[in-house]
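This is what each chain is made of:
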Amino acid sequence: MMTTDLASPLDVAAIRRDFPILSGATRLIYLDSAATSQKPRPVIERLARYYETQNANVHRGVYRLAEEATAAYEEARATLARFIGARPEETIFVRNATEGINLVANTWGAANIGEGDVIVLTEMEHHSNLIPWQLLAERTGAQLRYIGLTPDGRLQPDALEEILAGGRVKLVATTYVSNVLGTVNPIADMSRAAHAAGARILVDAAQAAPHFPLDVRRLDVDFLALTGHKMLGPMGIGVLYGRQEILDAMPPFLGGGEMIRRVGREHSTWNDLPWKFEAGTPNVEGAVGLAEAVRYLESVGLEAIAAHDRRLAAYALSRLREIPGLIAYGPEERGALVAFTLPDIHPHDLASLLDERDIAVRAGHHCAQLLHERLDVPATTRASFYLYNDERDVDTLVQGIGHAREVME
Ligand code: C6P
């Protein structure tokens, strides 16, 4: 069954032409954007232009080139701040979402969470939003409590309220969008509940920021982490948002150059926000590349991308469900991905057979082992979509799965 993408709000064919890796002689069916996205030409060219015309260390030199590099870096920060509705002081460049969450656990967490305090997590967390809290709990004697899941992969309604009613909750740390189930969690409601109980909330927006508009003020969150490589930006750059008054009160994370104001023999004082949390030479080219990615996303339109993703996820669900025995995990309303199992093919075998047809999907536990235990499967195959995918890619995937099943018979 072939379909057209006439109803999509995006001109997918034109978008694909912006991505050199998708414009080769054979059509690459790239269905692994939840792992990392491909990069459009403006981002690739921006990286080259930075090194060809602007490269110098930032916040250090007084010569013109260094000032230009500094301006480019700080303009990138302003772009990212605007993108998430934050102030530049609240927008810290980190390596990725993982580093952003570890920063919070090791600074705010270490200073504010003690023995017997409660950290609330969910059963759908990626290891990045699980292990930092386990490590902190082991060090401090804090307790971890988990919000369980409904059979269709949503957070148990009322579970957060019940845990909060038990007292001593210091932090709710939750993903915005699950990288396996596609579930989009009700962050504004969770923030309200956490704050009413005197707790802070941290949101892992790794799978949200690429796909729909975000506003940290409207969500009223205390911390939010995103990762640039999943939203058309380079690898090795991400953003941690923190509410200004919380960041002001937090001790620094890494020590070194840039994060200091005055250094003494025994004690030192710290730089202003956000540089207090940016020790050492930063990833300047990553930051300017990520800002270019944001401009590209905004030129296409985040609302249009969100509508496109919703349509494609619904189409993929309906087509995949035509395959006998296939189990798709997660709710109907979802982000741009579908993880599934087949009764007769292991996910790794399926991914290898699909690869022979230039279809790239991910197989495994997707860094969410707890969730896979909860689903009672060791691994799933995951197809994830973005602005450069269309129904044709889904149809090719479904045909590829049909072929794989024939091979395995
Ligand atoms: N998930 C996936 O294939 P980093 O590695 O820090 O850029 O992103 C970590 C991360 C955090 N939270 C969520 C919800 C994520 O999905 C990811 C990355 C990839 O699902 C790679 S494991």
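Source: prediction; values computed, not measured.

Asker: Describe empty space enclosed by the protein, listing the residues and the values that go with them.
Answerer: Tallying each qualifying case throughout the model produces one cavity of 30 Å³ or more. By volume, the largest cavity amounts to about 40 Å³. Every residue lining the largest cavity is listed: Ser33, Ala34, Val177, Gln207, His211, Ala336, Leu337, Ser384 and Phe385. When grouped by side-chain class, the residues that make up the lining of the largest cavity number five nonpolar, four polar and no charged.

Asker: Help me get a handle on the pairing of strand S4 (residues 143–147), residues and values and all.
Answerer: Pairing between strand S3 (residues 118–122) and S4: five bridges, direction parallel. Looking at S4, one finds that Thr122 is bridged to Ile147. Considered for its hand, the β-α-β crossover made up of S3, helix H5 (residues 131–140) and S4 is right-handed.

Asker: Residues and numbers for the packing of aromatic side chains, please.
Answerer: Scanning the entire structure with this criterion turns up seven aromatic pairs. With a centroid separation of 5.1 Å and an interplanar angle of 75 degrees, the aromatic rings of Tyr176 and Phe212 are classed as edge-to-face. With Tyr176 in the loop between strand S5 (169–175) and helix H7 (187–196) and Phe212 in the loop between strand S6 (200–204) and helix H8 (216–219), this pair connects stretches of sequence that are 36 residues apart. Each member of the pair, Tyr176 as well as Phe212, carries the same accessibility label: buried. Pairwise contacts between aromatic rings join Phe19, Tyr296, Tyr386 and Tyr388 into one cluster.

Asker: Tell me about the site of the ligand, residues and numbers included.
Answerer: As a matter of local geometry, the ligand sits amid 18 residues, with Thr98, Asp204, Gln207, Thr227 and Arg362 nearest to it. In the model, an oxygen atom of the ligand is placed 2.7 Å from a nitrogen or oxygen of the Thr227 side chain. Take Lys230: an N or O atom from its side chain is 2.9 Å from a nitrogen atom of the ligand. For the ligand, the accessible surface in isolation is 510 Å², of which the surrounding protein chains cover 89%. Broken down by class, the residue content of the shell around the ligand amounts to five nonpolar, nine polar and four charged.

Asker: Describe the pattern of salt bridges, naming the residues involved and giving the relevant values.
Answerer: Overall, the coordinates contain 26 salt bridges when judged by the stated rule. Asp393 is the salt-bridge partner of Arg27, the closest N and O atoms lying 2.8 Å from each other. Note that Arg27 is positioned in the loop between helix H1 (12–17) and strand S1 (29–30) and Asp393 in helix H14 (residues 391–408), a separation of 366 residues in sequence. Salt bridges linked by common partners bring Arg16, Arg27, Asp390 and Asp393 together as one network.

Asker: I'd like to hear about the packing of helix H12 (residues 347–355) against H14, residue by residue, with values.
Answerer: Put simply, H12 and H14 touch, their axes get as near as 9 Å, and they point 115 degrees apart. Taken together, the axes of H12 and H14 lie roughly perpendicular to each other. Pair H12 / H14 crosses with right-handed handedness. Here Asp349, Leu350, Leu353 and Leu354 of H12 lie close against H14, whose contacting residues are Leu397, Gly400, Ile401, Ala404, Val407 and Met408. By residue class, the composition of the contact of H12 with H14 is eight nonpolar, one polar and one charged.

Asker: Can you lay out the packing of helix H2 (residues 41–54) against helix H3 (residues 64–84) for me, pointing to particular residues and giving the numbers?
Answerer: At a closest axis distance of 10 Å, the pairing of H2 and H3 adopts a crossing angle of 155 degrees. In terms of axis orientation, H2 runs roughly antiparallel to H3. Residues Arg46, Tyr50, Thr53 and Gln54 of H2 form the contact with H3, whose participating residues are Leu65, Glu68, Ala69 and Ala72. Partitioned by chemical class, the residues of the contact of H2 with H3 number four nonpolar, two polar and two charged.

Asker: Give a detailed account of the environment of Val184, specifying residues and quantitative values.
Answerer: Take Val184: it is sitting in the loop between S5 and H7. Taking C-alpha positions, Val184 is 21 Å from Ile119, a pair spaced 65 residues apart along the chain. Sequence-distant contacts of Val184, that is, excluding residues within four places in its chain, are made with Tyr176, Val177, Phe212, Arg334 and Gly335.

Parameters at a glance
- Residues numbered from 1 in each chain as written.
- Predicted model: local features only at pLDDT ≥ 70, side-chain atom pairs only at ≥ 80, totals over all residues.
- Heavy atoms only, no water.
- 1 Å grid on protein atoms, 1.4 Å probe; cavity = no way out; pocket = protein on both sides within 12 Å on 5 of 7 lines; lining within 4 Å.
- Points joined across faces, edges and corners; volume = space filled by probe spheres on them.
- Nonpolar A, V, L, I, M, F, W, Y, C, P; charged D, E, K, R; others polar.
- Pairing = 2+ DSSP bridges.
- Helix = DSSP H or I, 4+ residues; strand = E, 2+ residues; numbered from the N terminus.
- Right-handed = clockwise from strand over helix to strand, strands pointing away.
- Phe/Tyr/Trp six-rings, centres within 6.5 Å; stacked < 30°, edge-to-face > 60°.
- Buried < 20%, exposed > 50% of the residue type's maximum accessible area, 1.4 Å probe, protein only.
- Near = heavy atom within 4 Å.
- Polar contact = N/O pair within 3.5 Å; in protein donor to acceptor, adjacent residues only side chain to side chain.
- Areas by Shrake-Rupley, 256 points an atom, 1.4 Å probe, with all protein chains shown as cover.
- Salt bridge = Lys/Arg side-chain N within 4 Å of Asp/Glu carboxyl O.
- Axes fitted to C-alpha atoms, helices over the stretch in contact; angles between N-to-C directions.
- Parallel < 35°, antiparallel > 145°, perpendicular 65-115°, else oblique.
- Left-handed = near helix turned anticlockwise from the far one by under 90°.
- Contact = heavy atoms within 4.5 Å.

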